[in-house]
Structure formats: C-alpha cells, structure tokens
Amino acid sequence: MSCVDVREWLATRDGPRPVGLDEHVAGCAGCTAYAARTAEIDVLARPVLLVTPPLDLQLRLAALVQTQPVYVPVAAEWPLLGVIAWAIAAALGALAAWQIFGWLQSFSLVVGDVGVAVQIVLTSPAVLYLSELQVDLSGLVLWSGLGLVAWLFSPSGPLRDVSERLGLPA
Amino acid sequence: MAEPSYELVLRAQRGDRAAMGALMQSQQNYVYSIAVSVMKDPAEAADMTQEAFIRLLRSLHTYRGETKFTTWLYRLTTNVCLDGLRRRRTPASAGGRPFVSLDLEGDDDEATPRDRLVDEDPWGRPEEGSALRESAAEVRRALYELNPAQRLALTLHYFDDMRYEDIAQVMGLPLNTVKSHIRRGKERLSRLLVRDGNGSTGREPCPALT
C-alpha cells in the first residue's frame, strides 16, 4: 500500500481495514504520525462540532409543534379512494375509446393513412353524440372558478398563508 | 444520529403533534449542529434551526421515503442555511465582513496528496508531531478557519451512523469529493492547531530545535 492510500483510509475510515495497512503504518514514520494526529483530531473536533441547542431555542422549537399548522397528505390516508378513482378513470377512458372507434367490428388498425382514420372517426357514434351534446357553459365556468379559488387557498396553493391567518380548515 | 422509526415519521405525517414533537426533539441537536457549522454564529444558527423546522412541518407530508428521513431533513437544513448565507451576502449587511463562499464544492486550490508526498512529507516534521492546542475555544476557532464544505462534511462525518453516501446526498456532492473534504479538513485542522493563522507555531519552539 502507498502512503496516499493509507492516509486516505486513516482520514475517512471508509470500509473495512485494508490488508497490509497496519504493517505499512508500523514501518512508516509519516503514516504513524498521521494516524495518531487524525485520531487526535477526531477526539478534539467531534464535541465542538456536535452541539446541543441552547435552552431558549429548545423551548421555541417545542412551541412550534403546537402553533404551526399541520398539512396532512389526504391521498396517503385514503388509498382505497385512489384505487377507485383510477378504476373509474380507466373505465371512462375505455368507454371514450369505444365511443370514438365505434363497435369493435368497425375498428381497424390505420397506420399512416390519415384519410381512413378521419373517415372512421366521422362515422363513429361519438360524432353523433357530441353533435347533440348540450354544454352548460355558465355552469362550467362557475364550477371551474370555484375549484380554482379553492386551490388558491389550499395548503399547496399560493395563498395558503392567507388561509392560515384566517384559520380556514386545511 | 438516530434514524427515527418509520412509524414515528408516518404518525407525524398524519398530523399527530406528539409524534412531531418527538421527531423534532430527536433531531434538534443534529439540525442545530449543521446550522452552527454552516453559519458559524450561534444566534444565526438558532434562527436557521427554527426556520428549518418550520419548513419541515410545512413539507413533512411531501416526504415520500425515497431517502432516509435524516438525509432528507439534513438536506433541507443545509438548503435553509445556504439561503441564510445568501441573505447575509447582500451588500447592505456585508460591509466589513468577508464574503462567505456558498459553493459547497469548496476551494480546491490545495495540492493533491500525491503531489505533496512527492515534494515533501509534512508528517515527518517535528512540529507535526508536537502536541495540539486542545481547548474547545481554540478548536472552534480552527474549525471556523476551514471552508464551509470541509466544516459541514466533518460535522456530518461525526454524526454516528452517517454513511458517506448519505453525506454526499445531503451536500449534493460526489462521494469522492466528500471524502476529499473530510481528509483535507482534518489535515488543515491539524496544521491550524499546531500553528496559528500567520504560520508561526502556537507554542514556544523546542530549545533543542533552535
């Protein structure tokens, strides 16, 4: 082992003690001094670097727990709801695909032929359904706006500080 | 460093204030040590510790367990302290005070160990074998002479059970850079504790050597 390798290990003590290290240190005055000095530095530096917070800070931290608002991950508490939501989303996706492409008989794989693809879509039941769909635009805007405002004041929204001050439920 | 149990973290995430209190109490020494190490000023370190725990309470629900909890918390604390140092660097407050390096890569102007060994081996010199100044105040002063990256790496290195991989994650540095900071930090500390900042020895020279 070289002095560089020996000192690298002596300073970091990372991994198992290398074979031949002790023999090298025993026969090398520089590495013997290095080993003694790094051990001494550990003893001196550790208690200075690892410090206990002053009492007033400890009291401030204890008070934080009682005064700070708590954010609870709703999704983590309701894993079953998440599974149900994904199942509903998957079912809706399948239904949408079925409506767009029509019955399975009318479905044919189209690669690169845009004309045929457009023709299939135009003859699917979805077009008929969408053309007769009545969209309640005012209702859509109202509920979207309400959702947006709720998000702004939610724990992940930009106005969460305001909701904290007002004491709104998280 | 005691890694809190998974159950304790989970209870705290679910809003159990007693669990949060226990979690904070188990970590306050380590968080404060990191803050003192980076800030060097106990009053500022106390503010940064409080700020770090406020951020912890706000973002605890975002912890997903991809890393150890302590690694995540110490990384958060380090970022809070680096933000604090950046604020300190503003021109209004920096008058008369030397700028602090925010780069955790640290100064890399020292020769590599192999280079130094080729030129000379300082560990063979008589003063390197002499006793060190051992008072806590002197050790603290010497530690404050190290660059922030070396000091932070050493601090984390002295946390029990902290692996080098964890330290690298906390500091956002490659593993070998972290090891280099620790080795150089100890070597510099040794030189500083033998001699003062002006290069003269901190002790009376041995009559036999003069």
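As a reminder, the structure under discussion sits directly above these lines.
To start, this report covers the structure provided alongside it. All values derive from a computational prediction rather than experimental measurement. (Residues numbered from 1 in each chain as written. Chains lettered and ligands numbered in written order. Predicted model: local features only at pLDDT ≥ 70, side-chain atom pairs only at ≥ 80, totals over all residues.)

**Topic: the overall build of chain B**
Then step 1. The helix and strand inventory of chain B stands at 10 helices and 0 strands.
Then step 2. The secondary structure elements of chain B, listed N-terminal to C-terminal, are α-α-α-α-α-α-α-α-α-α.
Then step 3. Taking all 210 residues of chain B together, the buried fraction comes to 38%.
Then step 4. Pairs at least 24 apart in sequence give 67% of the contacts found in chain B among residues at least 6 apart. (Helix = DSSP H or I, 4+ residues; strand = E, 2+ residues; numbered from the N terminus. Buried ≥ 20, exposed ≤ 12 C-beta atoms within 10 Å, placed from the backbone. Contact = placed C-beta atoms within 7 Å.)

**Overview of the packing of helix α4 (residues 55–67) of chain A against helix α3 (residues 42–59) of chain B**
Then step 1. α3 of chain B packs onto α4 of chain A with a crossing angle of 15° between their chain directions and a minimal axis gap of 10 Å. The angle between α4 of chain A and α3 of chain B falls in the class roughly parallel. By crossing handedness, the relation of α4 of chain A to α3 of chain B is classed as right-handed. Together, Leu57, Arg60, Leu61 and Leu64 of chain A of α4 of chain A and Ala46, Thr49, Gln50, Phe53, Ile54 and Leu57 of chain B of α3 of chain B make up the contact between the two elements. (Axes fitted to C-alpha atoms, helices over the stretch in contact; angles between N-to-C directions. Parallel < 35°, antiparallel > 145°, perpendicular 65-115°, else oblique. Left-handed = near helix turned anticlockwise from the far one by under 90°.)

**Brief notes about unusual backbone geometry**
Then step 1. Even without glycine at this site, Arg13 of chain A takes up a positive phi of about 55°.
Then step 2. What makes Arg13 of chain A partly exposed here is the crowd of 14 C-beta atoms within 10 Å.
Then step 3. One non-glycine residue, Lys40 of chain B, lies in the positive phi region at around 70°.
Then step 4. Considering the arrangement of structural elements, one finds Lys40 of chain B in the loop between α2 (17–39) and α3.

**Focus on the nonpolar core**
Then step 1. In this structure, Ala45 of chain A together with Ala35 and Ala153 of chain B are the most contacted members of the largest nonpolar core, which totals 63 residues.
Then step 2. What Ala35 of chain B contacts, discounting residues up to four positions off in sequence, is Ala45, Met48, Thr49, Thr77 and Cys81 of chain B. (Core = buried A, V, L, I, M, F, W, Y, C linked by C-beta atoms within 7 Å.)

**A closer look at helix α1 (residues 3–12) of chain A**
For an α-helix, the turn length of 3.6 residues means that residues three or four places apart are oriented alike.
Residue and element names in this part refer to chain A.
Then step 1. Buried within α1 we find Val6, Arg7, Leu10 and Ala11. Buried residues along α1 cover an arc of 125° about the axis, so they all sit on one side.
Then step 2. Note on α1: the residue one or two positions beyond its end, Arg13, has a positive phi of about 55°. (Arc of directions from axis to C-beta.)

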